[in-house]
Amino acid sequence: MNYRELPPTAGLPPSWRDLLPGPATLAQALGDWLHLPEPLLTCSGTAALVIALDALKSQSPRRVVILPAYTCPLVLLAVAHCQLEARLCDLAPDHFDLDPAHLARLIDDDVLAVIPTHLGGRVADVAGITALAHALGVFVIEDAAQALGAESEGTSVGLAGDIGFFSLAAGKGLSIFEGGLLFSRDAGLRAALRQSHDRLIQRDWQWSGLRLLQMLGYTALYNPRGLYPAYGQPLRQSLEQGDKVAAVGDDFDRDIPLHTVSRWRQVMGRHALARLPAFIAQTRAQAERRLAQLDTLGGLHVMRDANGNTGTWPFFMVLMKTEAERDAVLNPLWTRGLGVSRLFIHTLPDYDYLTDCLPPTASSQDTPHARDFAARMFTITNSPWLSDDDFGEILAVIRKVQAGS
Ligand SMILES: *Cc1c(COP(=O)(O)O)cnc(C)c1O
């Protein structure tokens, strides 16, 4: 038996030295690194989105938000929390970009904002979406939760739309267990964000204490040995029970905690940030080598960046030809401890627990490309702990499936 479990995404490994004293200036340091004007540190990416939506509500009477049909369920929960109406946009074929033609049909005078989303470190088309949205008086919120450190034309993602945010949650690049960064290039919107922040966010000692304990647990367990009990065992248990939504952690709590981030975790994040650029470079170099290996397989499609964009590489998003082929690859690998998994299991209408957050007519049949993307995609971690031998084992399973089909 092999008591080793690799994480499904290459998060920056925390270190006990991050507990040493230091400046509690995480937001400023991230802002300096990425040239973001006056970013706000939040207690999660979801909290950042809640603040962003609240700020936009103060700018316009419109009350509909367009989001990708395939995205993190927390995005929909944030829209519902703000008492806004969600409208789902299909994806472009074989991609996570919003389908511009569908988007154009969805926009009317009720639409407040649209949320293009950078998935898995890959850079989404925001410029095209923003041109379309701005022409019709719609704000653009860039969901860069999974793309801290990604760039488009030499500029950090998140700055091409009106408002952007990153997530600092466990497993997402730089982590303080739960956290987020919220920013805008527009001074007027920054003032609105600051106002919403100050109105919605309070100190909460209970949440601060819990998150500090969780951060210490994360520091102790985010390694191949610790992840076996902390991530691998619950994963296996959920899969045995046939609960894929729980297996990937898509079963989110409805309550969205809104509180400040304690100095302790800011100091820890500030220390870890010093290691992040080198980690991004290391994982990018590993990704380039492994992309070349994946290319030799044929019969599959690995998501990459368009020219001019330089994303980060937490994992590979691999599209197989059919759902059956995807499952044939995934089933033997999901519980092998090699960081092979899935991103979000469903399009949003297919999560039973989210139906009351959507209009009653919402159906995954209305967003066929998104449904297809969910059905044919799986992920391979780009953690440095995945050795060349481990990666070879994954390639062998894919080859075998392709030989048999
Ligand atoms: C994780 C995630 C969020 C929410 O971020 P949290 O920090 O977990 O609250 C939003 N959007 C996407 C695409 C995500 O992956």
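To keep things clear, this report deals only with the structure shown in the data block. (Residues numbered from 1 in each chain as written. Predicted model: local features only at pLDDT ≥ 70, side-chain atom pairs only at ≥ 80, totals over all residues. Heavy atoms only, no water.)

Observations concerning the overall build of the chain
Short version of the rule: Only DSSP runs of H or I with at least four residues qualify as helices, and only runs of E with at least two residues qualify as strands; both kinds are numbered from the N terminus onward. As a reference, a globule follows 2.2 Å times the number of residues to the power 0.38, and the radius of gyration itself is taken over C-alpha atoms. Any residue under 20% of the maximum accessible area for its type is buried, any over 50% is exposed, and the rest in between are partly exposed; the area is computed with a 1.4 Å probe on protein chains only. In this analysis, two residues are considered to be in contact whenever any of their non-hydrogen atoms come within 4.5 Å of each other. Note on areas: Shrake-Rupley with a 1.4 Å probe; residue coverage comes only from the protein chains shown. Residues scored as charged are limited to Lys and Arg (positive) and Asp and Glu (negative), so that His and the chain ends carry no count. Charge positions are represented by NZ for Lys, CZ for Arg, CG for Asp and CD for Glu.
Within the chain one finds 14 helices and 14 strands. What you see for the chain is a C-alpha radius of gyration of 20 Å, in line with the 22 Å of a compact globule of 405 residues. Counting all 405 residues of the chain, 57% fall into the buried class. The contacts in the chain between residues at least 6 apart in sequence include a share of 76% that link residues at least 24 apart. Carbon and sulfur atoms make up 52% of the accessible area of the chain, which amounts to about 16600 Å² in all. Treating the 35 positive side-chain charges of the chain as one cloud and the 44 negative ones as another, the clouds have centres 6 Å apart.

Observations regarding the site of the ligand
Operational definition: When at least one non-hydrogen atom of a residue lies within 4 Å of a molecule or strand, that residue is treated as near it. By the criterion applied in these results, polar contacts are pairs of N or O atoms within 3.5 Å in which, for protein atoms, one can donate a hydrogen and the other can accept it, and in which residues neighboring in sequence qualify only through two side-chain atoms.
The local shell around the ligand holds 16 residues, among which Gly45, Thr46, Asp143, Ser167 and Lys172 are the closest. The contact in question runs from an oxygen atom of the ligand to an N or O atom on the side chain of Ser167, over 2.6 Å. Contact distances for the ligand include 2.9 Å between an oxygen atom and a side-chain N or O atom of Lys172. Protein burial of the ligand: of its 370 Å² of free accessible surface, 94% is covered by the chains.

Focus on the packing of aromatic side chains
Counted only if it meets this: Aromatic pairing here means that ring centres of Phe, Tyr or Trp (its six-membered ring) are within 6.5 Å. Orientation follows from the plane angle: under 30 degrees is stacked, over 60 is edge-to-face, and everything else is tilted. In this scheme, the term charge over a ring applies when either NZ of a lysine or CZ of an arginine sits within 6 Å of the ring centre and within 35 degrees of the ring normal.
Here the structure, examined in full by the defined rule, presents 10 aromatic pairs. Each ring, one from Phe177 and one from Tyr218, has its centre 6.1 Å from the other, and the planes form 75°; the classification is edge-to-face. Here Tyr218 lies in helix α7 (residues 205-221) and Phe177 lies in the loop between β8 (163-167) and β9 (180-183), a separation of 41 residues in the sequence. Taken together, a centroid distance of 5.7 Å and an interplanar angle of 45° make the contact between Trp313 and Phe316 tilted. The pair formed by Trp313 and Phe316 is uniform in burial state, with each residue classed as buried. Stacked on the ring of Trp313, the Lys or Arg Arg122 has its end atom at 3.4 Å from the ring centre.

Some words on α7
Counted only if it meets this: Multiplying one less than the number of residues by 1.5 Å gives the expected span of a helix. Relevant arc is that of directions from the helix axis to the C-beta atoms, nothing else.
For α7, with 17 residues, the first-to-last C-alpha span of 24 Å sits near the 24 Å given by 1.5 Å per residue. All of the buried residues along α7 are Ser208, Arg211, Leu212, Met215, Tyr218 and Thr219. Buried residues along α7 cover an arc of 120° about the axis, so they all sit on one side. Counted as exposed and oriented over 90 degrees from the buried face of α7: Gln206 and Leu213.

Focus on the sheet that holds strand β7 (residues 155-156)
Rules: Strand pairing is assigned whenever DSSP identifies at least 2 bridges connecting the two strands.
Pairing in this open sheet of three strands is antiparallel, and the strands run β7-β6-β11 from one edge to the other. If you trace the sheet from one side to the other, it starts and ends with β7 and β11 (309-310), each paired once. Inspection of the sheet shows strand β6 (residues 151-152) paired to β11 by two bridges, in the antiparallel sense. Its bridge partner being in β11, Glu151 is matched across the sheet by Thr310.

Notes on the pattern of salt bridges
Selection rule: Salt bridges are counted wherever a side-chain nitrogen of Lys or Arg sits within 4 Å of a carboxyl oxygen of Asp or Glu.
Applying the stated criterion to the full structure yields 15 salt bridges. We note a salt bridge from Arg199 to Asp54, for which the minimum N-O separation is 2.5 Å. Note that Arg199 is positioned in helix α6 (residues 187-200) and Asp54 in helix α2 (residues 45-57), a separation of 145 residues in sequence. A salt bridge links Asp108 to Arg87, with the nearest nitrogen and oxygen atoms 3.0 Å apart. With Asp108 in the loop between α4 (100-106) and β4 (111-114) and Arg87 in strand β3 (residues 85-89), the pair connects residues that are 21 residues apart, well separated along the chain. Residue Asp108 is classed as partly exposed on the basis of its relative accessible area of 32%. When salt bridges with common partners are traced through the structure, they connect Asp94, Asp372 and Arg376 into a single cluster.

Geometric values such as these leave the question of function open.
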